[in-house]
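Survey of secondary and tertiary structure
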Amino acid sequence: MTQNASTLGARPDSGPVEELLRRAGTRILIGRMFRYAGRALCWSAVPCTAAIVFSKLRWIAPPSPEFTAVLMVLATLVGAVIALIRRLSPLEVAKLTDRRADLKDRLSSAIEFKQVAHDRDAAFYTEQLADAEAHAHNLQLKALFPIRLPWEMPVGILCALVVFLTFYLPTLPRFWSPEKKAEVAEVKRRGIEIEKLAKDAEKSADQQKLDETRRAAAEARKLGEQMRKGKITKKESLVALNKLTHKMEETQNKLANPPAKKSLAEARKDFEKALDKLEQQRAQQERKAAEAHKQMQKQNPKDVKQGNKELASKPESNAMKKSREALKQMSEALANQDKQQMQQAMEQLSEQMKKGEMSQQEMQQMQQAMQQLANSLKDTNQESASQQMQQLAEMMKSDGATDPNSIQKMAAMMKGLGQKMGKGMSPGQMMDAKSLEELAQSLKEGSLTRALGKNGSGTGGKGPGRGYNGSGGPSTAMKDPGATTPRLIATGKAQQPGGKSKTGSAEEFAKYLAMSSSSPHHLPNGKIAGTRNEGGNELHMSMTGDPQAARSSQPYYQVVQSSKRQAESALDKENIPAALKKQVKDYFELTAEGAVSKP
Amino acid sequence: MSEIELKASQFREDFNRVKSEIGKVIVGNEPIIDGVLICLLAGGHALLEGVPGLGKTLLVRTLSQSVSLKFSRVQFTPDLMPADITGTNILAESASGQREFRFQAGPIFANIVLADEINRATPKTQSAMLEAMQEHCVTVAGIQHRLHEPFFVLATQNPIEMEGTYPLPEAQLDRFLFKLLVTSPSFQDLATIIDRTTGVIPEPIEAVIDAETILQMRELAREAPIAPSVREFAIRLVLGTQPDSSHAPATVKQFVRFGSSPRGAQAIVTSAKIRALLEGRYSVAIEDIVSVALPALRHRIILNFEGQAESITTDSLIDDIVKKTYSESEIKVAGA
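From a predicted model like this one, the values you see are computed outputs, not experimental measurements.

The rules we used
Residues numbered from 1 in each chain as written. Chains lettered and ligands numbered in written order. Predicted model: local features only at pLDDT ≥ 70, side-chain atom pairs only at ≥ 80, totals over all residues. Heavy atoms only, no water. Disulfide = S-S within 2.5 Å. Buried < 20%, exposed > 50% of the residue type's maximum accessible area, 1.4 Å probe, protein only. Pairing = 2+ DSSP bridges. Helix = DSSP H or I, 4+ residues; strand = E, 2+ residues; numbered from the N terminus. Axes fitted to C-alpha atoms, helices over the stretch in contact; angles between N-to-C directions. pLDDT = per-residue confidence, 0-100. Contact = heavy atoms within 4.5 Å. Patch = residues over 30% accessible without salt bridge, like charges linked within 9 Å, V, L, I, M, F, W, Y side chains within 5 Å. Areas by Shrake-Rupley, 256 points an atom, 1.4 Å probe, with all protein chains shown as cover. Salt bridge = Lys/Arg side-chain N within 4 Å of Asp/Glu carboxyl O.

Bringing the state of the cysteines into the picture now. Residues and elements named next belong to chain A. Under the criterion given, the structure shown has zero disulfides over all chains. Unpaired in terms of disulfides, C159 finds its nearest cysteine sulfur in C42, a separation of 6.0 Å. Assessed through its relative accessible area of 13%, C159 is described here as buried.

This part is about the sheet that holds strand β6 (residues 112-116) of chain B. Residues and elements named next belong to chain B. The strand order across the open sheet formed by five strands is β3-β6-β9-β1-β10, and the pairing between neighbours is parallel. The open sheet has two edge strands with one neighbour each: β3 (71-75) and β10 (178-181). Across this sheet, the average inter-strand angle for adjacent strands is 20°, counted without regard to direction. The pairing of β6 with strand β9 (residues 152-157) spans four bridges and is classified as parallel. Its bridge partner being in β9, L114 is matched across the sheet by L154.

P150 of chain B follows E149 of chain B through a cis peptide bond whose omega is -5°. Looking at where P150 of chain B falls in the secondary structure, it is placed in the loop between β8 (143-146) and β9. One non-glycine residue, R58 of chain A, adopts positive backbone phi at about 65°. Following the sequence through the fold, R58 of chain A ends up in the loop between α2 (16-56) and α3 (65-85).

Residues and elements named next belong to chain A. On average, residues of chain A carry a pLDDT of 72, and 70% of them reach 70 or more. Taken as a whole, residues 447-477 scores under 50 in pLDDT and shows 63 contacts with residues more than four places along the chain or in a different chain. Low pLDDT, under 50, characterises residues 492-502; the stretch is placed with 18 contacts to residues that sit more than four places away or in other chains.

All names here are of chain A. Nonpolar side chains collect at one region of the surface, where V70, L74, V78, V81, I82 and I85 lie side by side and expose about 550 Å² of accessible area between them. Positionally, V78 belongs in helix α3. Take V78: its relative accessible area is 44%, and that puts it in the partly exposed class.

Turning our eyes to something else, we now look at the environment of L103 of chain A. Residues and elements named next belong to chain A. Relative to the elements of secondary structure, L103 occurs in the loop between α4 (90-101) and α5 (106-115). Owing to a relative accessible area of 4%, L103 belongs among the buried residues under this scheme. L103 sits 33 residues away from A136 along the chain, and the two C-alpha atoms are 9.1 Å apart. If sequence neighbours within four positions are ignored, L103 has contacts with D98, H135 and L139.

The structure is reproduced here in structure tokens:
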């Protein structure tokens, strides 16, 4: 049975011993992975549990659930990776297996003999390898290297479970406090309302082709859906709602003021400069005229009297004065970006022009002013008005100011131009912006029933006019407000907790307001609603005023303790910074101390 | 069954037969019997130490009877001269009537030599054994005489009687493969001894193997391979006996004056090979090294004054060395 060295050297590396060692190595690796991962999980979960316990004792701020989860998962993964990094050589595995199976170094010797090819005593080596293979064949690796969970693993899992339950259990409805349940129900209810409102708005926007409104309504619908399904908390829903309404307002502003290369403020600056220049030109012309008059006086004193008469007979017309004021008003309107004011200024200019009192020189000045205004408005969001204004200025230049028909035509054109400036937006955009504004307002105020309709004639709503307020049938605007003799009825909400409510007439309401010599900390909430009956229009004002002082039936110290408990309970449930929690805690401690010190 | 397997099997069988024959006379003391036989098969010599009456001499005599080897016994006394052991030239008359010097072989010219109470002889006489034990030959009057193979010296010494004794020098101690400590028999063993020795005459010992077989067994044992890692363990163990070595434990550094020579490592590996074959293995295991470490090293470690003053035993030091070497060579795989 002697075997030469070359045969030994060429012995395949995939014999039974190697196969066994490979399987043993895998089991060892898995065991190590469990051990390291378990250890890492344990050493990360235990501090997390301790942190939660400490936070319950209010020693530290509660840890973030995401942070603790990430920490534990990361630690477990790192542990597993570290276990995988250390690779065991076949000799190491063989030695471990020898030790476990009490094989008296049979496997490790076989591995070493294979690694070092000997050319002597080959028969002994062959026999040794055969002996090792025979022993390897009978080995039960499952018994030798059982894949057991290390003690750290259950401890780690237990701690992780505690951490998980600490965060998860309070989210289960079964463990909610009545306040929390009410809060969730409220969010759900609001979610349903928002969803309904958004669906209505979406439908309406589809019909009227209001893109922005449709988009906003879709977002609102999603938010409402989330709220209905209870996926977000009250706090989150409020934040999301706030963001949504803010976004709507921004979109609405964009629709109302489309972006332009040049702002109206810049246009105003240009226009003011142009007006100043025109003023200077006018003053220069006057000075020249005065100098010419003086020279005439020297050369021909007789003609001076006539000249004086001519000069005296041509003072600046009243129309021009008013036009100048109108131009100043236009400048202010541009500064304020007030389209109504722009319209008024243009109408004023039109009126003055229509009078036909302006001289040719004044008309020329007027033409120059219009030209400058057209130039100033170029590249702003009043581009179309600028172009029309340019045409008007050219008309004024070509036709002159002599023809009354032309003057009337130009005045009419100026008025139309003013109306255009006053509008600014297309009807569709206006509708869209208005609709968006109303939707945003409705979401913001929480009055979640919408009166739908076209161009103002809506259906539903208790209040007059168009709006989202109300849930009833159609309403119309007050037809004869001038003929109304309003009767103000102030009605307080009854059964307010903690005191009596007030119900009374307007006189009583006024008296109540007058009762407080200093300004109150808050004004009574008021809502004025109107009803129309045979006796005339009647205004109702319901207000929630300060309740009348009521005698307390509970001692103060009990109230403090009860409120303190409620506050602590609320603090535990909300994500409130530790510093603020301390502030609340300090407040109650101080209050309690005060109660004790006071007789 | 392969040739090696057959040889190994025969090896174990022969060993057990001899052991069984010795067991007919010697009760208990199995490690001592194993040790003596391992020394015989390894080609070394054994030093048996024990108080009188424990059967040391009987063991050697029984061994010589169980193997077909020439046995001689030398009772060492202070007046024993080297020539009394090695032999000497004597003036003798030949058949033709001529007178000539003729070498008269001493008791050392045997296969198994019992050097009884070796520490009672003077160092001069003790040193006469040195050449014989190491070189397997003696030189008398300039002529070298080879000893019979296998040559096996079994020396005994009494540890309690110090008066009139001459402790063996280190050089001579180093030439013994094993130093075996013969202990008192247990209760059960003593009962058996009484029964055997005070009753009917025990059955005679038969010689079960001869010199040739022993030499073949020696050759086979030397062929047994040793893995590099196991050899490293043996080396670390021997280096661990030296106080200036990094492998030495603190106790060795504190109490040892001199550690083992390379003969110690040779003794360990050779005897471990025999033990591996006896255990049915074809290569040496660390367990074999550890099991022969005590008898192979205990007489090679020389304690310093502090060690002697503290009554430190070399056995306890070897235990420390084994523990340290184990921990150093152990595969440390956390979680495995």
